[in-house]
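Inside the fold
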Amino acid sequence: MNQEFIWGAATSSYQIEGAADEDGKGLHIWDVYSRQPGMVFDNHNGDVACDHYHRYREDVALMKEIGIQGYRFSISWSRIFPEGTGKVNEKGLAFYDKLIDELISNGVKPYITLFHWDYPYELYQRGGWMNPDSVDWFAEYAKTVVEHFSDRVTCFITFNEPQCFIGMGHVTGRHAPGLKNPLRDTFLMAHHVMMAHGKAVQAMRAVAKQPILIGYAPTSTVCAPDSDRAEDIEAARSLYFQCPEKPEEWSWNVSWWSDPVMFGRYPEDGIRQYAPYLPDIRPEDLALMNQPIDFYGQNIYNGYRVRQGGDGKPECVKRSPGYDKTAMEWPVTPESLYWGPRFLYERYQKPIYITENGMACHDMISRDGHIHDASRIDFTEAYIRELLRAREDGVDIRGYFYWSLMDNFEWTEGYRERFGLIYVDYQTQKRTLKDSAYWYREWIQNHR
Ligand code: BGC
């Protein structure tokens, strides 16, 4: 395949920017949530984070040093619209103008995510995703961003992991706003989120200053076959896309969150199982969700091994004792980057970007002043090799974004977990490239 392939790294606004109350930014739900005692590990919050808002020049210089070709970052909605809608804050636009110009002049291609979970607090108080107006609020914000930045930026992603901000924000309550809403409400929110995606795509295309590429970035826990027997491959494929029978587990599913966007319909097994909880699904809502998009983004960290069980149904294979895992206790499963993209491409037939993949390690600064994160190097190379194998087998993959460029605020885990290629000392804000950053630099040079 000869298409452009981008080696990149990703971050998100609240996780790195800091400057939580600066230059007219409005509050968002994560500001409010993490300032409440007991919500985040050791009461950490993102008020300062990596202070990227003030240090973006240094951070772009480090990207250049690593040789990163693409940088995926998110815009903080409440910097642009402090109240979520209505009045635009010029200083918010100005910050991203400076960042984008700095990226471009250093040869790093910007990829903008519109929404990576920091929902404007004012809108939340007006009902948030429960409110049917939330569809228009998001479209208005998306339009403003594209109108302003599309003279220089050509790749936009609407939502990062909608499963997470609804599933963890409103089903398990482990993320902001920290609620356990009734299932009926969460299905309605998901419906509005996908309508908001569709309406935003329409609004963005209408104002773009040049042809732009628009994508969507859900996540999945991949199901990989336990062997290359056709029955196991089929078992893995069907489990991957099946809607969970337990309605309280629906929010993590692939097809519930992607079939409406890609095909304009909800999966039938889900419609049957979740009937008591579903909102009124109007054909025009589905048509709105199903706007043509240019690529399918996917955040993949790990997965299961699946085989056909004795009863003919798919079953997950138990992990072996002492299996490899990351500091987050997530299993290390490189084959997820082969089978995930392969199954997703078969179903959705869109170019794929791996918008996130990476590992949290117990990093430390050694006596020699370096961070020897050998396991991150090993993890990343193993995953990337599987991704390239999928590409060789015909899956149209256009890029890979390591999560994350630098250590940052890991949501409920605070600063306890480190995912970065760059080590951040939060006392001094000193950045140090880890061994993995030097490894990635070499990898990129050799795989242009
Ligand atoms: C999110 C990131 C997060 C990462 C590691 C993804 O679910 O998009 O914001 O830091 O996983 O947990």
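Residues numbered from 1 in each chain as written. Predicted model: local features only at pLDDT ≥ 70, side-chain atom pairs only at ≥ 80, totals over all residues. Heavy atoms only, no water.

Looking at the UniProt feature "active site" (unreviewed entry) in the protein
Per the UniProt record, "active site" (unreviewed entry) is annotated on Glu161 and Glu356. A maximum C-alpha distance of 10.3 Å places the annotated residues, which cover 196 residues in sequence, within one compact spot. Residues from the named set that contribute to the lining of the largest pocket are Glu161 and Glu356. Relative to the helices and strands, glutamate 161 resides in the loop between β4 (155-160) and α8 (162-171). Not counting the four nearest positions on each side in its chain, glutamate 161 is found in contact with Trp117, Ala217, Pro218, Thr219, Asn299, Tyr301 and Glu356. Ignoring sequence-local partners within four residues, the contact set of glutamate 356 consists of Arg72, His116, Asn160, Glu161, Gln298, Asn299, Ile300, Tyr301, Phe401 and Trp403. (UniProt positions renumbered as here; feature names shortened; annotations may be inferred. 1 Å grid on protein atoms, 1.4 Å probe; cavity = no way out; pocket = protein on both sides within 12 Å on 5 of 7 lines; lining within 4 Å. Helix = DSSP H or I, 4+ residues; strand = E, 2+ residues; numbered from the N terminus. Contact = heavy atoms within 4.5 Å.)

Overview of the packing of aromatic side chains
Tallying each qualifying case throughout the model produces 58 aromatic pairs. Relative to tryptophan 411, the ring of tryptophan 30 lies with its centre 4.7 Å away and its plane at 50°, an arrangement referred to as tilted. Placement of tryptophan 30 in helix α2 (residues 29-34) and of tryptophan 411 in the loop between β10 (397-403) and β11 (422-425) is noted, with a sequence separation of 381 residues between them. Taking the relative accessible area as the measure of exposure, tryptophan 411 reaches 4% and is therefore buried. Residues phenylalanine 115 and phenylalanine 159 carry aromatic rings whose centres are separated by 5.9 Å and whose planes lie at 85° to one another, so their mutual orientation is edge-to-face. In this pair, phenylalanine 115 sits in strand β3 (residues 109-115) while phenylalanine 159 sits in strand β4, placing the two residues 44 residues apart along the sequence. (Phe/Tyr/Trp six-rings, centres within 6.5 Å; stacked < 30°, edge-to-face > 60°. Buried < 20%, exposed > 50% of the residue type's maximum accessible area, 1.4 Å probe, protein only.)

Overview of the site of the ligand
Within the structure, the ligand sits among 13 residues, and Gln15, His116, Glu161, Glu410 and Trp411 are positioned closest to it. In this structure, glutamate 161 approaches the ligand through a side-chain N or O atom, which is 2.7 Å from an oxygen atom. Tryptophan 403 is positioned with one of its side-chain polar atoms (N or O) 3.2 Å from an oxygen atom of the ligand. In the complex, the protein chains occlude 94% of the 310 Å² of accessible area that the ligand would expose alone. The site holding the ligand turns out to be the largest pocket. (Near = heavy atom within 4 Å. Polar contact = N/O pair within 3.5 Å; in protein donor to acceptor, adjacent residues only side chain to side chain. Areas by Shrake-Rupley, 256 points an atom, 1.4 Å probe, with all protein chains shown as cover. Sits in = over half its atoms within 2 Å of the grid points.)

Focus: the layout of surface pockets
The space that makes up the largest pocket amounts to roughly 1300 Å³. The wall of the largest pocket is formed by 43 residues, among which Ser220, Thr221, Trp252, Asn302 and Tyr304 lie closest to the centre. Mapped onto the lining of the largest pocket, the elements with two or more residues apiece are α8, β6 (219-225), α10 (230-241), α12 (268-273), β7 (295-308) and β8 (314-316). Within the lining of the largest pocket, the residues separate by chemical class into 20 nonpolar, 12 polar and 11 charged. In this structure, the second largest pocket encloses a volume near 370 Å³. Elements represented by at least two residues in the lining of the second largest pocket include exactly β7 and α15 (374-392). Looking at which element gives the most residues to the lining of the second largest pocket, the answer is α15, with 4 residues. Taken together, the residues of the lining of the second largest pocket sort by class into 12 nonpolar, 6 polar and 7 charged. (Points joined across faces, edges and corners; volume = space filled by probe spheres on them. Nonpolar A, V, L, I, M, F, W, Y, C, P; charged D, E, K, R; others polar.)

Focus: the environment of isoleucine 157
Secondary-structure assignment places isoleucine 157 in strand β4. On the accessibility criterion, isoleucine 157 (2% relative accessible area) is buried. Setting aside anything within four residues of it in sequence, one finds isoleucine 157 in contact with Arg72, Ile112, Thr113, Leu114, Gly215, Tyr216, Ala217, Phe295 and Thr355.

Quick look at the environment of valine 332
Note that valine 332 resides in the loop between β8 and α14 (336-348). You can call valine 332 partly exposed: its relative accessible area is 24%. With 150 residues separating them along the chain, valine 332 and proline 182 place their C-alpha atoms 34 Å apart.

Here's the deal with the state of the cysteines
Under the counting rule described, the total for this entry stands at 0 disulfides. With no disulfide of its own, cysteine 316 has cysteine 223 as its nearest cysteine by sulfur position, at a separation of 5.9 Å. With no disulfide of its own, cysteine 361 lies closest to cysteine 50 among cysteine sulfurs, the gap being 17 Å. Residue classification places cysteine 361 among the buried positions, given a relative accessible area of 8%. (Disulfide = S-S within 2.5 Å.)

A word on unusual backbone geometry
For the bond from alanine 176 to proline 177, the omega torsion is 5°, close enough to zero to count as cis. Looking at where proline 177 falls in the secondary structure, it is placed in the loop between α8 and α9 (183-207). Note that the residue after tryptophan 403, namely serine 404, is joined by a cis bond; omega there is 10°. Here serine 404 lies in the loop between β10 and β11. Residues other than glycine seldom take positive phi values, yet aspartate 42 does so here, at roughly 55°. Tracing the sequence through the fold places aspartate 42 in the loop between α2 and α3 (52-66). Positive phi is not limited to glycine here, since glutamate 161 has a value of about 40°.

Here we look at the pattern of salt bridges
Per the stated rule, a full pass over the model turns up 34 salt bridges. For aspartate 136, the salt bridge is made with lysine 199, and the minimal N-O distance between the two is 2.9 Å. Here the residue aspartate 136 occupies a position in helix α7 (residues 134-149), and lysine 199 occupies one in helix α9, the gap between them amounting to 63 residues. Here lysine 199 falls in the partly exposed class, since its relative accessible area comes to 31%. (Salt bridge = Lys/Arg side-chain N within 4 Å of Asp/Glu carboxyl O.)

Quick notes on the packing of α14 against α15
Running from N to C, α14 and α15 cross one another at 35°; their axes reach a closest spacing of 7 Å. As α14 packs across α15, the resulting crossing turns out to be right-handed. Contact residues: Leu337, Tyr338 and Pro341 in α14; Tyr383, Ile384, Glu386, Leu387, Arg389 and Ala390 in α15. (Axes fitted to C-alpha atoms, helices over the stretch in contact; angles between N-to-C directions. Left-handed = near helix turned anticlockwise from the far one by under 90°.)

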